[in-house]
Amino acid sequence: MLQTRDLIWGLLFIGCAAAIQVQITPTQGEISVGESKFFLCEVVGDAKDIDWYAPSGEKILPNMPDIFVNRADETTSTLTIYHANVDSAGIYKCVAKNGDKEAQATVQVKIFQKITFASAPSPQEFNEGDDADIVCNVVSSPPPTIIWKHKGSKIQVAKDVRYKIMDNGHLQIRGIKKIDEGMYNCEARVMARGEIDFKMIKVVVNVLPTIRARLSEVNATADIGSSALLACDADGFPEPTVTWAHNNIVLETGDKYSLNEDGSELVIKDVKKVDEGDYTCIAKNKAGEKAEEVSLNVFVQPKITYLNNQTASEFDNQVTLTCEALGDPTPTISWSFENRVFTEGEQSLDRNIVVRSHARVSSLTLKNIVFTYAGQYLCTASNSIGQDNQHMYLEVRYAPKIQGRVTVYTWEGNAANISCEVEAHPGASVVWFRDGLQLPSANTTNMKIYNTQSVSYLEITPDSQSDFGSYNCTATNAMGTDSKEFLLIQAEVPSSPEIQQVEPFSSTAVVAFEEPDSMGGVPIIKYKVEWRLPGQDWTGSEHDANDEMTTITIVGLKPETTYEVKMSAINGKGEGESSLASTFKTEPVREPSAPILEVKVQDKGNTLKVNWIKQDDGGSPIKHYLVRYKAKHVSDWKPEIRLPYNSEYVMLNGLDWNTEYEVHVVAENQQGKSEPAVISFRTATDPTTIPDAVDSSSGLGTGAIVGILIVVFFLLLLGVDVTCYFLNKCGLLMCIAVNFCGKAGPGAKSKDIEEGKAAFTKDESKEPIVEVRTEEEHIPNQGGGGPTEPNETTPLTEPDGKTVKDDKTKGQTELKNATDEVKTVPNEAPQTNGNESKA
């Protein structure tokens, strides 16, 4: 089927066979800016020339830059528009000529602008609080409609007054905030063409830095090699850079300053006073900068800069000591001499010592100089940072001053020293005189002189009464002379002490006395106490004297016995007269007195040593000591400990840490037990450190370790028990074998012999059972008590000391030790099991 166009062309050809016809394809054209398009001019008929004309009417020449004309054959010509722009729009004409024949056709070319984002940069940055103008310049023809979107939703300008779409299509956000940051969609639409395009724009909101100094003021001490830390913390977006400045100079890391990685901390090394001042911490980012001042206060420890020694003479009107010191804060200055401290103002009632201070200078004025002012003075400068001390020496020149004990006691043949103590400055020469003659003289061989810097000693060994008397010491220096008389006196033996009271016990007595009225001029070195039975010889003992001695204890007395006692004192000269005899009677035999206790903590804090001092034994020898103890917070006592008579202490081991304990110690003799001596103490705190956490993935826990120790302990006990069973026929296995199995241990001897017992046959004999004690349990008589009456624990012996045995029991008991003690026990049982009692 022929197309309409071909039909039309056929009719024209038939109707106008001789005419030229021109047609442009396409008949009209729309070109987007920047695009290219061609148009075909077709000619019907013979045409010599086919030309194209621009909208301006000018003929388009071949090979022009943007518009190109090309005649492909005799009947067609092509017009190509490259990279069209708005100037390319208009009516283009194609003209065909053949002699005088001419035909033409036109085409309307329209140039339109597609949606083009001429300027929509991303990201776009704004400072928080600014009125942000988000740029989105869109070009199109016709002009597009601009729609803004944020977080997937269209921005409703009517609902939020902060948003406004400007005439140029920009989006304005008034007072933009950090929360406004994000991606914005700039969308352009051309309704006529249904064209749409968009551009995503990232909006960044920069936040002006905020800055805060950790400390607005920092204190430091100069000249001690210390450092000062100045720190500030800055926030903002983007992260601000921090710098420090001092006196408008930016500080950098070096020998003097050190900055950490982000610059927030400034360390000033080896602080000096010149480092004091304000330091500026500056935080800066794209949004701007902020600064904060930090003040560095540099304090200086006091330093005494001036203090000199001084010299004065006794009886001068005055001397002034001056002390100067530097420091910040300004130091206060004080003076001290020996044990006295001098501060501002008058320091004595006689106004002879005055202190005056001004700024950093202090003066100590001493008036009416005396020799006791001489010595070392201390100047102390102090402020809130520290203090400095320096000494100076005040030299006082003065005449000799003699001191010392005026009277000296001795006796013929005993050397004595007379001390002449001389205080003088400058030093003095000392000379001794007697009866106007300088000592020692040619006729004196029993006198010697020894000199030191401040004392001269005259040593005299009296040969006769003539050597006792007055001696003169004379000291001389450039300032003057002083002399003093000393007396050498014949010493005597001391008078007798006075017995105040005698407090008797069973075997001891305490004698209380007062010292002699006269010591004889020399110290008492010993006291002698003597005692006797009336009419018999005296027995005595000597005791070294000391200042606190007021009692002496006599020991080894017999109970219920009358004694006489007297005392005398002994000094270097000899023994003085005895006091009047005092009579007393010792007490009957009784229980001993309680010992005196003392606790000593050992190196291991839960082990303690309890010492005791034996007191009166009550007239009967101590048999043993009984010790028991317990923690105060519990009611049950630990098992009682029995110790031999000669024991002086007990060790308590394995005590609980940080626990209050109570200890009772009782002394026991044949009469009974003493009152308990009681002492309390607290053990140390457990030094063991328990870790806060234990790694459960490795190592043993506390419970596992305790369990292992218990198993090891049990196995050790089992091994010991088996060893005892086979070697000594005793222990837990032995007890099981005898009591439950009725068997004796391997290689066991007769139970009666092994246990040291005499077994009785079942003849209903009423003879006593004899129990043998080992020598360790035997308590010998300690002497001083004489024979004691037998009781239930006393061995039955004959005068020769042999143990009395019944004929029926002879040969039935084997004694292992000749000193064993025999105890009688009522024969209430026909036979004794060997396991019920052991030696």
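Refer to the structure above for everything that follows.
Keep in mind that this is a model prediction, so the values were computed, not measured.

Chemist: Quick question: what am I supposed to make of the sheet that holds strand E2 (residues 28–32) here?
Modeler: Backbone-to-backbone hydrogen bonds join strands into a sheet, with any given pair of strands oriented parallel or antiparallel. Spatially, E2-E8-E7-E4 is the arrangement adopted by the 4 strands of the open sheet, whose pairing is mixed. Bordering the open sheet on either side are E2 and strand E4 (49–53), each of which pairs with just one other strand. Strand after strand, the sheet turns through a mean of 25 degrees between neighbouring axes, direction not considered. Two elements, strand E7 (residues 90–98) and strand E8 (residues 101–112), share 9 bridges in a ladder whose sense is antiparallel. Residue pairing in the sheet places Val95 in a bridge with Gln104 of E8.

Chemist: Whenever I open this one, the packing of aromatic side chains confuses me. Can you help?
Modeler: What characterises a pair of aromatic rings is the spacing of the ring centres plus the angle enclosed by the ring planes. Taken as a whole, this structure holds 8 aromatic pairs when the rule is applied. Where Phe371 meets Tyr398, the ring centres are 4.8 Å apart and the plane angle is 40 degrees; that geometry is what we call tilted. Within this pair, whereas Phe371 is found in the loop between strand E33 (361–367) and strand E34 (375–382), its partner Tyr398 is found in strand E35 (residues 387–403), the two being separated by 27 residues in sequence. Per residue, the accessibility class of Phe371 equals that of Tyr398, and both read buried. Between the aromatic rings of Tyr563 and Phe584, the centroid separation amounts to 5.8 Å while the plane-to-plane angle is 20 degrees, which identifies the pairing as stacked. With Tyr563 in strand E49 (residues 562–571) and Phe584 in strand E50 (residues 582–585), the pair connects residues that are 21 residues apart, well separated along the chain. Of the two residues examined, Tyr563 and Phe584, each falls in the buried class. Aromatic ring contacts, followed pair by pair, group Tyr629, Tyr661 and Phe681 into a single cluster. Positioned over the ring face of Trp538 is Lys566, at 4.5 Å from the centre of the ring. Its end group placed over the ring of Trp637, Lys630 keeps NZ or CZ at 5.4 Å from the ring centre.

Chemist: Please clarify how a nonpolar patch on the surface should be interpreted in this entry.
Modeler: On the surface, a nonpolar cluster with roughly 690 Å² of combined accessible area is contributed by Val711, Phe714, Leu715, Leu718, Val722, Phe726 and Leu727. Its location among the elements puts Leu718 in helix H2 (residues 702–727). Overall, the relative accessible area of 41% leaves Leu718 in the partly exposed class.

Chemist: Before we go on, may I ask you to explain the sheet that holds strand E51 (residues 596–601) in this structure?
Modeler: Here we have 3 strands laid out as an open sheet, ordered E51-E52-E55, and antiparallel in their pairing. With partners counted over all chains shown, the strands left at the sheet margins are E51 and strand E55 (649–652), one partner each. Strand-to-strand twist across the sheet, computed as the mean angle between neighbouring axes with direction ignored, equals 20 degrees. Looking at chain direction, E51 and strand E52 (residues 608–613) are connected through 6 bridges and run antiparallel.

Here is what the cut-offs are and how they apply
- Residues numbered from 1 in each chain as written.
- Predicted model: local features only at pLDDT ≥ 70, side-chain atom pairs only at ≥ 80, totals over all residues.
- Heavy atoms only, no water.
- Pairing = 2+ DSSP bridges.
- Helix = DSSP H or I, 4+ residues; strand = E, 2+ residues; numbered from the N terminus.
- Axes fitted to C-alpha atoms, helices over the stretch in contact; angles between N-to-C directions.
- Phe/Tyr/Trp six-rings, centres within 6.5 Å; stacked < 30°, edge-to-face > 60°.
- Buried < 20%, exposed > 50% of the residue type's maximum accessible area, 1.4 Å probe, protein only.
- Lys NZ or Arg CZ within 6 Å of the ring centre and 35° of its normal.
- Patch = residues over 30% accessible without salt bridge, like charges linked within 9 Å, V, L, I, M, F, W, Y side chains within 5 Å.
- Areas by Shrake-Rupley, 256 points an atom, 1.4 Å probe, with all protein chains shown as cover.
- Salt bridge = Lys/Arg side-chain N within 4 Å of Asp/Glu carboxyl O.

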